[in-house]
Amino acid sequence: MSVLPLVFTSGWASGINAYAVVLLLGIFGATGVSDEVPASLQRTDVLIVAAVLFLCEAVADKIPYVDSLWDAVHTVIRPVAGAVVGALLAGQSGSLSDLAAGAIGGSTALASHFVKAGTRMAVNTSPEPFSNIALSTAEDLGVAGIVTFAMFNPQAAAIIAAVLLAAGLAILVFLWSRIRRFLRRRAQRREERRLATDEREAIARAAVPPR
């Protein structure tokens, strides 16, 4: 299928920022840049909703810990968006090729989502917020650049997306030990706070004279 490179690229990009993908594809289709974008993505209401959600993500994605919470919520949304966009790009006949395109888009989105979410968890171990802002900005620019490039050279864009996905997975494996240490420290702090609260409550109860 000639559309598979675009499906793969949009799937990778959806795992990072699904709303940006829908917004960009819709704009490219509505302005006549590409005739491969289905009409359902060019609807005005779809573009408005995608734009509003993109702005929400642009803010949430740059705040430490809020970005990880946002990623957790989107563990289902991004792969589903990648699958739907892939199926729409392939067609709406319900054929085996359409289903295959949806599977490719969804699985690629899921993989890139895990890379993004895991990387953010590692970045959040740093106390300063600037790395979150820099990484989020780079992700937004990367998605915009590759999706735009895919409109004109989908094969090359798909190769770039595949390289970035493989590199991201390798980095995630490298950072996994740091992520686990961070999760253990956070669980330990929660337990310490719980014990401190229990101790204060016990002291308060002991200070109350019996009736």
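Residues numbered from 1 in each chain as written. Predicted model: local features only at pLDDT ≥ 70, side-chain atom pairs only at ≥ 80, totals over all residues. Heavy atoms only, no water.

**With respect to the environment of Arg 43**
Okay, step 1: One can find Arg 43 in the loop between helix H1 (4-30) and helix H2 (44-60).
Okay, step 2: Looking at Arg 43, the relative accessible area reads 45%, which means it is partly exposed.
Okay, step 3: On a C-alpha basis, the gap between Arg 43 and Glu 192 in space is 52 Å, while along the polypeptide they are 149 residues apart. (Helix = DSSP H or I, 4+ residues; strand = E, 2+ residues; numbered from the N terminus. Buried < 20%, exposed > 50% of the residue type's maximum accessible area, 1.4 Å probe, protein only.)

**Some thoughts on the side chain of Lys 116**
Okay, step 1: By the element assignment, Lys 116 lies in helix H4 (residues 96-123).
Okay, step 2: A distance of 3.2 Å separates polar atoms of two side chains, one belonging to Lys 116 and the other to Asp 61.
Okay, step 3: The contact partners of Lys 116, leaving out residues within four places of it in the chain, are Gly 15, Ile 16, Glu 57, Asp 61, Asp 71, Arg 78 and Glu 139. (Polar contact = N/O pair within 3.5 Å; in protein donor to acceptor, adjacent residues only side chain to side chain. Contact = heavy atoms within 4.5 Å.)

**Things to note about the pattern of salt bridges**
Okay, step 1: For the structure on display, the rule yields 10 salt bridges.
Okay, step 2: Among the ionic pairs, Glu 57 bridges to Lys 116, the shortest N-O distance being 3.5 Å. With a gap of 59 residues between them, Glu 57 in helix H2 and Lys 116 in helix H4 connect regions that are remote in the sequence. In terms of burial, Glu 57 and Lys 116 fall into one category: buried.
Okay, step 3: The residue Lys 116 makes a salt bridge to Glu 139 at a minimum N-O spacing of 3.6 Å. Of the two residues, Lys 116 is situated in helix H4 and Glu 139 in helix H5 (residues 130-152); the sequence distance between them amounts to 23 residues. Judged on exposure class, the residue Lys 116 and its partner Glu 139 are both buried. (Salt bridge = Lys/Arg side-chain N within 4 Å of Asp/Glu carboxyl O.)

**A few points about H1**
Okay, step 1: Compared with the 39 Å implied by 1.5 Å per residue over 27 residues, the 21 Å span of H1 between its first and last C-alpha is markedly short.
Okay, step 2: Along H1, the helix axis deviates most sharply at Asn 17, where the bend reaches about 130°.
Okay, step 3: Among the 27 residues that make up H1, 23 are buried, leaving the element largely enclosed by the rest of the structure.
Okay, step 4: Count one or two residues on from H1 and you reach Gly 32, which has phi positive near 85°. (Expected span 1.5 Å × (residues − 1). Bend = angle between axes of the 7 residues up to and from the residue.)

**Some details on the nonpolar core**
The tendency in soluble globular proteins is for nonpolar side chains to be buried side by side.
Okay, step 1: By size, the foremost hydrophobic cluster in this structure holds 30 residues, and its most contacted members are Trp 12, Leu 25, Val 143 and Val 147.
Okay, step 2: Sort the elements by how many residues they give to this core and H1 lands first, with 12 residues.
Okay, step 3: In this structure Val 147 touches Ala 13, Val 21, Leu 24, Leu 25 and Phe 28, once residues within four positions along its chain are discounted. (Core = buried A, V, L, I, M, F, W, Y, C linked by side-chain atoms within 4.5 Å.)

**Here's the deal with the side chain of His 113**
Okay, step 1: Its location among the elements puts His 113 in helix H4.
Okay, step 2: A polar contact of 3.1 Å, which involves the side chain of His 113, links it to the side chain of Thr 75.
Okay, step 3: His 113 has contacts with Gly 15, Asp 71, His 74, Thr 75 and Arg 78, leaving out every residue within four places of it along the chain.

**Let's talk about a positive patch on the surface**
Okay, step 1: Taken together, Arg 180, Arg 181, Arg 184, Arg 185, Arg 186, Arg 189, Arg 190 and Arg 193 make up a surface patch of like positive charges.
Okay, step 2: In this structure, Arg 184 sits in helix H6 (residues 154-207).
Okay, step 3: Look at Arg 184 and you get exposed, because its relative accessible area is 52%. (Patch = residues over 30% accessible without salt bridge, like charges linked within 9 Å, V, L, I, M, F, W, Y side chains within 5 Å. Areas by Shrake-Rupley, 256 points an atom, 1.4 Å probe, with all protein chains shown as cover. Lys, Arg positive; Asp, Glu negative; His and termini not counted. Charge placed at Lys NZ, Arg CZ, Asp CG, Glu CD.)

**Things to note about the confidence of the model for the protein**
Do not read the predicted coordinates in detail wherever pLDDT is low.
Okay, step 1: Model confidence for the protein is summarised by a mean pLDDT of 86, while 93% of its residues fall at 70 or above.
Okay, step 2: Mean pLDDT in the protein bottoms out at H6, which sits at 81, and peaks at H2, which reaches 94. (pLDDT = per-residue confidence, 0-100.)

**Overview of the environment of Ser 40**
Okay, step 1: Tracing the chain through its elements places Ser 40 in the loop between H1 and H2.
Okay, step 2: Relative accessible area serves as the criterion here: at 25%, Ser 40 is assigned to the partly exposed category.
Okay, step 3: Once the C-alpha coordinates of Ser 40 and Gly 26 are considered, the two residues, 14 residues apart in sequence, prove to be 8.3 Å apart.
Okay, step 4: In this structure, Ser 40 is in contact with Val 46 and Leu 88, ignoring residues within four places of it in sequence.

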